[in-house]
Amino acid sequence: MSKLTREETESLIQEVLEVYPEKARKDRAKHLAVNDPSVEQSKKCITSNRKSLPGVMTIRGCAYAGSRGVVWGPVKDMIHISHGPVGCGQYSRAGRRNYYVGATGVNTFAEMNFTSDFQEKDIVFGGDKKLTKLIQEIEQLFPLHKGISVQSECPIGLIGDDIEAVSKKAAAELDKVVVPVRCEGFRGVSQSLGHHIANDALRDWVLGNRDGKTFESTPYDVTIIGDYNIGGDAWASRIFLEEMGLRVIAQWSGDGTIAEMENTPKAKLNLLHCYRSMNYISRHMEEKYGIPWMEYNFFGPTKIEESLRRIAGFFDDTIKEGAERVITKYKPMMEAVIAKYKPRLQGKRVMLYVGGLRPRHVIGAYEDLGMEVVGTGYEFAHGDDYDRTIKEMGDATLLYDDVTGFELEEFVKRIKPDLVGSGIKEKYIYQKMGIPFRQMHSWDYSGPYHGYDGFAIFARDMDMTLNNPCWGKQTPPWKVLKSDDALKAAA
Amino acid sequence: MANIMIRKTAEGGLSFYLPKRDLEDNIVSIEFDQTNKWGGELRLANGGTYYVDPLDAPPRLPISLRAKRVDAPE
């Protein structure tokens, strides 16, 4: 299908909205927009970070998912207690594939599930005693852990348990960090508030712990903030940051440790990858410690080059030379990747619906492969995310905020993209519709996609999905052989 | 009253950030910008106006302050 004009896209939105009752239609209309790159502020065209409508299939998560699953979960040498009923912890355990180095169960614990397994009596009589006992048991069974975080599930807030008091007492007894996180799932409209709460907990309980202590620093200390090392992403980024002469002193929070986090205020520059989930702590560090922060994008060679030059701009000439050296070193490798895959992917159209930073950051990588992103949207973005997205997207492309299952399906049916990138809940629906699909939350169990090494894998995966022979075999053979000649031939 | 943060932009101007409203915008004008008085009414690029109590000296930026909404476009 050829490119839609602005009017066609607008009428497409109207048609899709027609099935809703009037009130719902009015509300949803604010969340769907046709992109106009000349608009300065997203508020003029799209509403975001609002409560989802009751009755529609939203794809959002909860505050607990944002804190336990995204921000705290990957901190490998801490034990994260899912405080409350057992399900939340079990279903959020290791699903994001935040890779790390270490012996799981001995000195690292990111893949394990610790829960207080609330029962009826804990709801009635309170769970503080159980939490105290649980922390003692942890200390006995896993003495090499470096700290504990208590991630509240909904009932904790509802019954009003005082996890702060328990944590303070336990921290004094163990002489380790014990962080109470008030990330009950019912808070806020999506996982976004969970990120904020987790950031605030880090600020209050972790960040200042080593203030005033000495640290052997260099002028080139940087941190990677908001990279959760999905499939090894942070490693793929770190490798060439170090190659250009920088020293990465902390990873937040993929493959990160509590010691790294406590040392972060000693950095010279905070490199911020996921703006949505970690901008709060970066802003705080800028104010309290005077550390500048910068957003970067390591998807696809064009954006990597841009980002490396901007990072180098904060440092002296040795780093600037280092950046150029890295860029020239990887150029032939990138050219080979593009030469191989671009002819197979050129002109293909992509629709995305993910969260965090991907709906805008991966656009550059697709463009490097000659592909075009025709629709994009976030699960839990705020206005500032859309401010940044509008500039990246082409004119008259589709933007959708907190899209419902129905809307996304209808958009895909009408726009007929060659590839859809979204989550696991969407994956099988679109594959059964005969549309190539990549699960873009954790790179469809592949990765890394960040950095130079990641781009090669990204290009291979996109080719593997799009040009898979299975898409031509969606109709079973007995339905293909309709004509008499063919039937005779078969007989 | 709302918590806001004022920081320097890369271009050298001031930017205003109000997390509760997701509002991040450039400050067009600031009422008092003298060595002994800093603050007052802040006019934003989107047309809104906020008031912060004047400080005795220009602060080290970024800084978190409490601001009153005088007039906002929405």
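Draft legend 1. Main features of the packing of helix 13 (residues 301–312) of chain A against helix 20 (residues 451–466) of chain A. All names here are of chain A. The contact between helix 13 and helix 20 brings their axes to 10 Å, and the two run at 170 degrees. In terms of orientation, helix 13 lies roughly antiparallel with respect to helix 20. Relative to helix 20, helix 13 is oriented so that their crossing is right-handed. Here Pro301, Ile304, Glu305 and Leu308 of helix 13 come into contact with helix 20, specifically with Gly451, Tyr452 and Phe455. When the residues that make up the contact of helix 13 with helix 20 are grouped by side-chain class, the tally is five nonpolar, one polar and one charged.

Draft legend 2. Fine view of the interface of chain A and chain B. Contacts between the two partners involve 16 residues from chain A, matched on the other side by 14 residues from chain B. Counting the contacts that link chain A with chain B gives two salt bridges. For Arg7 of chain B, the salt bridge identified is with Glu286 of chain A, shortest N-O distance 2.8 Å. Taken together, the connections running from chain A to chain B amount to six residue pairs in polar contact (both at pLDDT 80 or more). Broken down by secondary-structure element, the contributors of at least two residues to the side of chain A that touches chain B are helix 12 (275–289) and helix 17 (383–392) of chain A. If one sorts the elements of the side of chain A that touches chain B by residue count, helix 12 of chain A sits on top with seven residues. Of the residues in the side of chain A that touches chain B, the class split is three nonpolar, six polar and seven charged.

Draft legend 3. Broad picture of empty space enclosed by the protein. In this structure the tally under the stated criterion is four cavities of 30 Å³ or more. Approximately 100 Å³ is the volume found for the largest cavity. Residue composition of the lining of the largest cavity, by class: five nonpolar, two polar and three charged. Counted as a void, the second largest cavity has a volume near 60 Å³. Every residue lining the second largest cavity is listed: Gln41, Ser42, Lys43, Gly383, Asp384 and Asp387 of chain A together with Asp22, Leu23 and Glu24 of chain B. At the level of elements, helix 17 of chain A together with strand 3 (23–33) of chain B are the ones that each hand at least two residues to the lining of the second largest cavity. With three residues, the top contributor of residues to the lining of the second largest cavity is helix 17 of chain A. Grouping the amino acids of the lining of the second largest cavity by side-chain chemistry returns one nonpolar, three polar and five charged.

Draft legend 4. The arrangement of the pattern of salt bridges in detail. Residue and element names in this part refer to chain A. Under the definition given, this model contains 36 salt bridges over all chains. In this structure, Arg203 engages Asp200 in a salt bridge whose closest nitrogen and oxygen atoms are separated by 3.5 Å. Highlighted residues: Arg203 and Asp200, both in helix 9 (residues 191–205), separated by three residues, approximately one helical turn. A residue is classified by how much of its surface remains accessible, and Arg203, at 33% relative accessible area, is partly exposed. By relative accessible area, Asp200 is classed as partly exposed at 24%. Notably, a salt bridge pairs Glu306 with Lys303, separated by 3.9 Å at the nearest N-O pair. Taken together, the residues Glu306 and Lys303, both in helix 13 and three residues apart, mark about one turn of the helix. A residue is classified by how much of its surface remains accessible, and Glu306, at 45% relative accessible area, is partly exposed. A cluster of three or more residues bridged by salt bridges with shared partners is formed by Lys427, Arg438, Asp444, Arg460 and Asp461.

Rules used in this analysis
- Once a new chain begins, its residue numbering starts again from 1 and follows that chain's sequence as written.
- In the order they appear in the text, chains get letters beginning with A and ligands get numbers beginning with 1.
- Side-chain atom pairs in this predicted model are given and counted only at pLDDT of 80 or more, local residue features only at pLDDT of at least 70, and totals for whole chains, interfaces and linings cover all residues.
- Note: side-chain values were computed over all heavy atoms of the structure, leaving out hydrogens and water.
- Note on geometry: axes are lines fitted to C-alpha atoms, helical ones only across the stretch in contact, with angles between N-to-C directions running from 0 to 180 degrees.
- By definition, any uninterrupted DSSP run of H or I lasting at least four residues is a helix, any uninterrupted run of E lasting at least two residues is a strand, and each is numbered from the N terminus.
- Here the angle decides the label: under 35 degrees means roughly parallel, over 145 means roughly antiparallel, 65 to 115 means roughly perpendicular, and every other value means oblique.
- Helix crossings fall into two classes, left-handed where the near helix is turned counterclockwise from the far one by less than a right angle and right-handed where it is turned clockwise.
- In what follows, a contact means two residues having at least one pair of non-hydrogen atoms within 4.5 Å.
- Each residue receives one of three labels: charged for Asp, Glu, Lys and Arg, nonpolar for Ala, Val, Leu, Ile, Met, Phe, Trp, Tyr, Cys and Pro, and polar for the others, Gly being one of them.
- Salt bridges are identified by distance alone: a Lys or Arg side-chain nitrogen within 4 Å of an Asp or Glu carboxyl oxygen.
- In protein, a polar contact means a hydrogen-donor-capable atom and an acceptor-capable atom, both N or O and within 3.5 Å, with residues adjacent in sequence counting only if both atoms are side-chain atoms; elsewhere, any N or O pair within 3.5 Å suffices.
- Definitions used for this entry: grid spacing 1 Å over protein atoms alone; cavity, a set of points where a 1.4 Å probe fits but cannot get out; pocket, an open set with protein on both sides within 12 Å along at least 5 of 7 lines; lining residue, one with an atom within 4 Å of a point.
- Grid points are joined across faces, edges and corners, and a volume is the space filled by probe spheres set on the points.
- Categorising residues by exposure relies on relative accessible area from a 1.4 Å probe, with only protein chains included: less than 20% of the type maximum marks a residue as buried, more than 50% marks it as exposed, and the intermediate range marks it as partly exposed.

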